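# Analysis of the macromolecular model
Residues per chain are reported as follows:
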Amino acid sequence: MKVTAIKNPIVPKRANSVSFERKLREEEKPEYTHAIKDALDYLGVKNMSMIIHGSSFPSDKRDTSIGSPYSKGADKFVDFIKMNGFNSVQLGPGGSIGKKDPSPYISKVFAKNEMFIDLEPLKTAKYGKILSDETYNQLTTKNKESKDKNYNYTDFNKAFSNYDVAMKEAYSTFKTKLASNDKSAVKLNKEFNKFKEDNKSWVENDGLFKVLTKVNGSDDFEKWNETDKNLPQNLKAGDKNAQARYKDIMAKHGEEVEQNTFTQFIADKQLKDNTKHRKEISFNYIGDLLVGFNQSDVWSNQGAFLKGWKLGCPFGGVDNSPQTWGIPVLDPKKLLNKDGSLGESGKLLKEKVSYSLKNYDNVRIDHALGLVDPYIYKEDTVHKSPNGAVQRDRLWANNVSYMHDIDPDGNFKQVLNKIVLPTFKEFGVDKNEAVWEDLGSSTPAFDWVYHQQENLPGITQTLWSRAENAPRKDNWSLVVSHDFEPASEMVQKDWVRNSDAWNVDYLSGYLNPDPATSYERQKYKEEISNSKQSRVTSKFTELFRGTNNLQIMFSDFLGINKTYNVGGQDSKDNWKLRVDNDFEDDYYRALQDKNSYALNMPEILGQAVRAKKGMAVAKVSGDPYKANQMRNELDEKLNPLLGKLDSFSEILKEKEEVKAVAPKKVDAPKVAQEVKKPEVVETKKEEKTSSKSKNVTAETTLAIAAGVAIVVAGFKKLYDKFKHRHDKQQVA
């Protein structure tokens with residue numbers, strides 16, 4: 001086996017012993033990235049996406065109590081995971097959230113989450129210096145390194161307060177500078193006016209809704225007075241009372257409405273800048289088309305919704321009772337007109353889909369069933385038992401396809417063909433690359449439209465099923481999603497470990513299929529039987545042998561044993577989990593901890609490559625000569641890659657001890673001879689020696705000797721390991 005030598009090994013900077021935890025050095029990162037990419041290419045992985053919602057990103061130098069996908073902290077995190085093979089991030093819905101419930105899945109459709117604004121750039125000339133250093137420093141905290149935990153939590157209450165103060169000052173400063181004809185403010189104002197014109201269909205109504213929520217003391221507009229409750233539709237109809245009320249609101253609260261519009265403009269501007277940056281580095285953000293609508297969206301478009309009905313799910317609640325999500329339902333009769341054109345509901349849905357695609361590179365379709373055959377229930381028939389379980393026998397509910405009085409023309413069954421997929425095409429999104437969340441319950445109507453008519457891919461969740469049984473290669477596969485405990489917690493459950501998908505005979509055989517590796521297969525089986533960490537690693541290795549598109553939850557990758565969201569249940573910590581600001585150090589520290597579940601990518605990919613190689617051999621094992629010939633050919637082709645992956649896998653696990661050695665004790669030529677062993681290290685056959693290189697200082701010699709000795713020792717260990725494996729294969 002030949003392994004390319006790593007240049008510029010450890011350079012000790014002190015004379016005394018230095019103990020530190022190993023992580024990739026800058027000079028190693030290009031080769032590391034290349035090895036990861038080569039492995040993914042061989043395995044046929046087209047897309048690998050990390051599931052991390054916007055609020056879960058880390059910050060950079062100062063923290064605003066919440067993460068942002070458009071911040072410098074996000075840029076650093078993206079660089080880090082990109083190095084580990086990820087080419088995209090699966091975000092959650094990016095709409096503005098409420099203070100009572102921070103769930104992104106009940107966020108606004110059009111108004112963006114203002115707490116995703118990166119405040120630091122607002123201090124720069126690009127934004128007219130509309131936020132002062134003093135205010136910025138008061139609202140943010142300096143990041144501190146901590147080894148006590150490898151995660152963080154969003155403080156939503158503090159974040160809401162911080163952004164209220166920050167954006168109030170930003171808007172006020174902008175107006176003051178604009179009044180004085182400040183050049184940067186004038187330039188910013190031109191962009192602002194264009195934003196208002198482009199988004200006039202929703203942005204002012206969003207500000208009005210915020211104001212009226214304060215005035216009426218509730219965001220439930222059904223409890224407002226009739227004038228406020230029906231203001232948008234009455235304004236459209238030219239109602240004089242509505243016009244008078246609008247003038248009164250704007251006279252008293254016009255600045256609040258305008259400030260909200262300005263805040264949305266800043267959020268939109270940063271998203272567009274981030275989109276441009278992502279294209280430059282070839283990295284994708286996958287948006288999330290939430291199935292529902294927010295109260296603000298409903299208030300502005302009341303005629304598009306089915307009054308008295310809400311969207312839910314027939315199972316998954318307490319004691320597996322129905323889930324009553326409280327999500328508004330589009331009126332099926334208004335999706336399409338009799339002539340096939342879009343009705344009021346259809347136009348709103350198209351606008352929603354378009355908006356979700358505008359500044360993202362791909363899209364996840366939340367609860368695909370809800371677009372085709374939604375499970376809806378009558379609001380006033382919800383009754384709960386003392387333990388919170390919805391009483392099914394008292395609930396008036398069903399899927400729309402069974403409710404012919406509500407959808408007599410079957411319009412929901414035409415939503416994909418008439419609205420969603422044509423909009424995808426307009427934005428250049430391939431329907432077969434989108435992330436279709438088709439998990440959970442199904443119906444005959446959904447199966448016919450989704451699978452037979454449109455032939456769409458879906459999600460394969462290997463928590464429940466074997467990767468080898470994925471129905472199609474272009475599915476997106478994952479072990480757990482954002483609605484589950486991390487794999488490190490799931491594996492503690494007997495019903496998970498004892499399930500067919502986690503069966504040790506299956507995993508050891510599927511990942512060691514070459515008949516000549518029976519010894520390795522048995523050792524692998526023993527390891528994953530006795531170690532929960534190894535069992536989890538095997539499930540993620542299996543993931544890379546399934547479909548071409550993969551998703552991994554950020555908590556699984558980093559080895560965080562906390563849950564982002566407990567699906568179907570209310571929890572005080574739902575939606576709060578966040579990547580720690582010291583994520584890189586945390587990750588490498590976790591890889592060196594034998595009790596950690598953090599994912600060692602070179603190790604996982606190395607085993608996956610061997611599994612694919614072994615499967616190719618196993619398929620021709622009926623002919624021993626042909627099998628041995630293929631084995632040798634694949635060994636010659638893949639051993640250099642496997643050598644790199646194994647080397648990096650060990651590097652990420654090790655803790656190094658660099659000890660000072662007196663210069664006079666270093667025999668540099670002898671070490672150099674060891675490095676040149678052809679069976680271990682491939683070096684350049686010819687080296688040009690300049691007169692300058694002959695005058696190597698004692699300090700440089702010491703550094704090279706110490707570093708090379710460690711590298712050679714590591715390679716020697718790997719060589720012995722592979723020689724043993726090769727000998728066994730030859731015997732077999």
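Now for a quick tour of the structure. (Residues numbered from 1 in each chain as written. Predicted model: local features only at pLDDT ≥ 70, side-chain atom pairs only at ≥ 80, totals over all residues. Heavy atoms only, no water.)

Another aspect to go through is the pattern of salt bridges. What the rule picks out here adds up to 50 salt bridges. Here Arg364 ties to Glu437 by a salt bridge, and the two come within 3.7 Å at their closest N and O atoms. You can see Arg364 sitting in strand 11 (residues 362-365) and its partner Glu437 sitting in the loop between strand 14 (435-436) and helix 14 (444-453), a full 73 residues away along the chain. Note on Arg364: relative accessible area 8%, which makes it buried. Owing to a relative accessible area of 13%, Glu437 belongs among the buried residues under this scheme. (Salt bridge = Lys/Arg side-chain N within 4 Å of Asp/Glu carboxyl O. Helix = DSSP H or I, 4+ residues; strand = E, 2+ residues; numbered from the N terminus. Buried < 20%, exposed > 50% of the residue type's maximum accessible area, 1.4 Å probe, protein only.)

This paragraph deals with the sheet that holds strand 16 (residues 476-478). The strand order across the open sheet formed by eight strands is 14-11-8-5-3-17-16-15, and the pairing between neighbours is parallel. Looking at the sheet topology across the chains shown, the edges are occupied by strand 14 and strand 15 (459-461). (Pairing = 2+ DSSP bridges.)

Another aspect to go through is the sheet that holds strand 13 (residues 397-399). An order of 10-9-12-13 is seen for the four strands of this open sheet, with the pairing classed as antiparallel. In this open sheet, the two strands that pair with only one neighbour each are strand 10 (323-330) and strand 13. Within the sheet, the average angular offset between the axes of one strand and its neighbour, ignoring direction, is 40 degrees. Bridge count between strand 9 (residues 305-313) and strand 10: five bridges; the pairing is antiparallel. Each bridged residue has a counterpart across the sheet, and for Phe305 the counterpart in strand 10 is Leu330. (Axes fitted to C-alpha atoms, helices over the stretch in contact; angles between N-to-C directions.)

Another point: the side chain of Gln607. With respect to the helices and strands, the residue Gln607 is situated in helix 22 (residues 601-618). Residue contacts for Gln607: discarding those within four places in its chain leaves Leu511, Asn512, Tyr524 and Thr541. (Contact = heavy atoms within 4.5 Å.)

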